[in-house]
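Commentary on secondary and tertiary structure
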Amino acid sequence: GIAVTAGIIGDYFTGEDTPLYTALQRCVSLGKSKCALFNHGADASYTYDQATSATDAYNHMKTCDAKIKSLFPGYTVDMFVPHQNAWNQYTLQAAKQLGYSAVSASIDDYSNLPYDTTTDPLQLSQHTETG
């Protein structure tokens, strides 16, 4: 039992990479305690620290949310990890509007997302490595 968390960048994941898509479908079928997908934004060109409003951040997040729902019917996304760990207050507001339970970003760079389990959504900073 290894638990897996996979980030989906909406415009970059189409489901056309059959081996990866099949593996993620199988993973998701195990349930969230074993496999969770998170929203990693609509595309890699937009960083959420540049959001000018909660609506702006919401629209970008919603694009990826819709992509995940279309590729994994019945799956509900509940976590957001902003691309490049870049976020601002609008990011947190948009995540709350989408019903996400947590926002996470690396503590190892400029993002400085504080760890706070009293907020809605939760702010869960973590150490990250890109492979």
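Here the structure is shown first, and the text comes after it.
Now for a quick tour of the structure. (Residues numbered from 1 in each chain as written. Predicted model: local features only at pLDDT ≥ 70, side-chain atom pairs only at ≥ 80, totals over all residues. Heavy atoms only, no water.)

Here we look at the pairing of strand S2 (residues 35-39)
Looking along a regular strand, one sees the side chains alternate between the two faces of the sheet. Counted only if it meets this: For every residue, the accessible area obtained with a 1.4 Å probe (protein chains only) is divided by the maximum for its type, and the residue is called buried under 20%, exposed over 50%, and partly exposed between those limits. In this text, helices come from DSSP runs of H or I with a minimum length of four residues, and strands from runs of E with a minimum of two, each type numbered from the N-terminal end. Note on pairing: DSSP must find at least two bridges between two strands before they are called paired. Think of it like this: strands point away, you trace from the first strand over the helix to the second, and a clockwise trace means the crossover is right-handed.
Among the five residues that make up S2, five are buried, leaving the element largely enclosed by the rest of the structure. Neither face of S2 is exposed, since Cys35, Leu37 and Asn39 on one face and Ala36 and Phe38 on the opposite face are all buried. Sheet topology note: the strand S1 (residues 4-8)/S2 ladder contains five bridges and is parallel. For glycine 7, the partnering residue across the bridge sits in S2 and is phenylalanine 38. Once you follow S1 into helix H1 (residues 18-28) and on to S2, the crossover reads as right-handed.

As for the environment of asparagine 85
With respect to the helices and strands, the residue asparagine 85 is situated in the loop between strand S3 (79-80) and helix H3 (89-97). For the pair formed by asparagine 85 and isoleucine 9, sequence separation is 76 residues and the distance between their alpha carbons is 13 Å.

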